[in-house]
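Coordinate analysis (summary)
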Amino acid sequence: MKRLIYLALSLTLLFACTSCVGKAAALPAEAVPTAAQPPELALITPPIDEEGEPQDGEALPQIPSGQPPELALITPPIEEPEEPYVRTIDPAKPMVALTYDDGPHETCSDLILDVLEEHHAVATFFEVGRNVARYPQVLVREQALGCEIASHSNAHRDLSKLKKSALLADLDAADQAFIDAVGFAPTMVRPPYGAVNKTVKYASERAMVTWSVDTLDWKSRDAQTIVDYVQSLGDLDGQVVLMHSLYESTAEATAVLVPWLQEQGYQLVTVSELMACYYGELPEANTLYGYSYFHQPRTDAPLPPPAAQGAEQE
Ligand code: NI
């Protein structure tokens, strides 16, 4: 009989323990969120009543003391607004004008402008009218960065081989493309190939501007060759450097030359700024400004830098 009682007691205890284990095992299963119900982030603040107690009775996740909330990591960093850069020109200090022909180009123009923007530098872009019509947004950026926009004709033909009427028609067509893009027509023209005759020089109704340093970037298509050449020239004060907007190699060379020129003490200016501040003149229509012009000595009577292009229309 005793054995029967022990057996009954043992069975009772065994069932009781099994149900205990079952309950204990079931509890954490309920507490673990399912995949469809992600756990609430520990940093979600519960609604607080006037007594400062949570309004509902549920236990809230505890944030360990001494461990800063991770909320700060989620908050986007607040960037302080950058002070607008104000470019000034000292007429007594060395200056050089970088120029880029044949653009705007779909991608390379922006590569060059990226470099200029990064270094707070400017250049002059002699753009082809028919390219301007395709990529007018490049000119908008050039103007916004304080670069100078100039004409390189409409169709990049040898202007010295055109009759005067055809010459003027080409330059007028280019002007219209510039007006459509940025609202003004440039006063300066660089004749394609540097080819000029008397009509181009003295009867185009525009200022003709060539260059004094030819990098031959179109020929080498090699950044190091361009850089080596410019760095070999010695004094570049007052010079106008010819490059082209069409090549990645030229953009790569620009990325080296711009900071290098600035380290050498050169101010990077537009052609109009160079003429005003270094040569004491503004470009005039029916005049050619070329190699010999940009090899004159610095003026004793610099003019102030010309107003930004298109400013008079605002
Ligand atoms: Ni050209």
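Look up a bit, the structure's there.
In this report, the structure presented in the accompanying data block is examined. (Residues numbered from 1 in each chain as written. Predicted model: local features only at pLDDT ≥ 70, side-chain atom pairs only at ≥ 80, totals over all residues. Heavy atoms only, no water.)

Turning next to the overall build of the protein. Along the backbone of the protein there are 11 helices and 9 strands. In the protein, which comprises 314 residues, the proportion classed as buried is 38%. Sequence separation of at least 24 residues holds for 75% of the intrachain contacts in the protein that already meet a minimum separation of 6. Taken as a whole, the protein presents about 18,600 Å² of accessible surface, with 57% of it coming from carbon and sulfur. (Helix = DSSP H or I, 4+ residues; strand = E, 2+ residues; numbered from the N terminus. Buried < 20%, exposed > 50% of the residue type's maximum accessible area, 1.4 Å probe, protein only. Contact = heavy atoms within 4.5 Å. Areas by Shrake-Rupley, 256 points an atom, 1.4 Å probe, with all protein chains shown as cover.)

In this section: unusual backbone geometry. Omega for the peptide link from Gly 103 to Pro 104 comes to -5°, which places this bond in the cis form. If you trace the backbone, Pro 104 turns up in the loop between β1 (95-101) and α3 (108-118). Despite not being glycine, His 120 has its phi angle at roughly 50°, a positive value. Relative to the helices and strands, His 120 is located in the loop between α3 and β2 (124-127). Positioned with a positive phi, Leu 216 is a non-glycine residue whose angle comes to about 50°. Tracing the backbone through its elements, the reader meets Leu 216 in the loop between β6 (213-214) and α8 (217-220).

In contact at an axis separation of 9 Å, helix α5 (residues 136-144) and helix α6 (residues 164-182) are set at 70° when each is read in the N-to-C sense. When the interaxial angle is binned, α5 and α6 end up roughly perpendicular. Read as a crossing pair, α5 and α6 show a hand that is right-handed. Taking contact as the criterion, the partners of Pro 136, Leu 139, Val 140 and Gln 143 in α5 are, on α6, Phe 178, Ala 181 and Val 182. (Axes fitted to C-alpha atoms, helices over the stretch in contact; angles between N-to-C directions. Parallel < 35°, antiparallel > 145°, perpendicular 65-115°, else oblique. Left-handed = near helix turned anticlockwise from the far one by under 90°.)

Here we take up helix α9 (residues 223-231). Of the residues making up α9, those classed as buried are Ala 223, Ile 226, Val 227 and Val 230. The buried residues of α9 occupy one face: seen down the axis, they fall within an arc of 95°. Packing partners of the buried residues in α9 comprise α8, β7 (240-244) and α10 (248-263). (Arc of directions from axis to C-beta.)

All right, on to the packing of aromatic side chains then. Evaluation of the coordinates by the stated rule reveals 6 aromatic pairs. Here Tyr 100 and Phe 125 contribute two aromatic rings whose centre-to-centre distance is 5.3 Å and whose plane-to-plane angle is 20°, an arrangement assigned as stacked. Of this pair, Tyr 100 sits in strand β1 while Phe 125 sits in strand β2, and the two are 25 residues apart along the sequence. Like Tyr 100, the residue Phe 125 is buried in the burial classification. A centroid spacing of 5.8 Å and a plane angle of 70° characterise the contact between Tyr 279 and Phe 294, whose relative ring orientation is edge-to-face. Here Phe 294 lies in the segment after β9 (287-289) and Tyr 279 lies in the loop between α11 (271-277) and β9, a separation of 15 residues in the sequence. On the basis of relative accessible area, Tyr 279 is assigned to the buried category, the value being 7%. Above the plane of the ring of Phe 126 lies Arg 190, whose end atom (NZ or CZ) is 4.0 Å from the centre. (Phe/Tyr/Trp six-rings, centres within 6.5 Å; stacked < 30°, edge-to-face > 60°. Lys NZ or Arg CZ within 6 Å of the ring centre and 35° of its normal.)

Side chains of Asp 222, Asp 228, Glu 248 and Glu 252 sit close together on the surface and give a patch of like negative charge. Here Asp 228 lies in helix α9. Here Asp 228 falls in the partly exposed class, since its relative accessible area comes to 42%. (Patch = residues over 30% accessible without salt bridge, like charges linked within 9 Å, V, L, I, M, F, W, Y side chains within 5 Å. Salt bridge = Lys/Arg side-chain N within 4 Å of Asp/Glu carboxyl O. Lys, Arg positive; Asp, Glu negative; His and termini not counted. Charge placed at Lys NZ, Arg CZ, Asp CG, Glu CD.)

The next point concerns the coordination of the nickel ion. Coordination sphere of the nickel ion, protein contribution only: Asp 102 (OD), His 152 (NE2) and His 156 (NE2), at 2.1 to 2.2 Å. Binding-site remark: the nickel ion is held by donors from one chain whose sequence spacing is D-x49-H-x3-H. Highlighted residues: Asp 102 in the loop between β1 and α3 and His 152 in the loop between β3 (148-151) and α6, separated in sequence by 50 residues. The same class applies to Asp 102 as to His 152, namely buried. (Donors = N, O, S within 2.8 Å, 3.2 Å for Na, K, Ca; no water.)

Turning next to the pattern of salt bridges. This structure, assessed with the given rule, holds 9 salt bridges. Of the charged contacts in the structure, one is a salt bridge between Arg 206 and Asp 175, with a shortest N-O distance of 2.6 Å. With Arg 206 in the loop between α7 (198-202) and β5 (207-209) and Asp 175 in helix α6, the pair connects residues that are 31 residues apart, well separated along the chain. On the basis of relative accessible area, Arg 206 is assigned to the buried category, the value being 6%. One salt-bridge network, held together by shared partners, links Asp 110, Asp 114, Glu 117 and Arg 141.

What follows concerns α3. Buried within α3 we find Cys 108, Ser 109, Ile 112, Leu 113, Val 115 and Leu 116. The buried residues of α3 all sit within an arc of 155° when viewed along its axis, so they share a single face. With its phi angle positive at about 50°, His 120 sits one or two positions after the end of α3.

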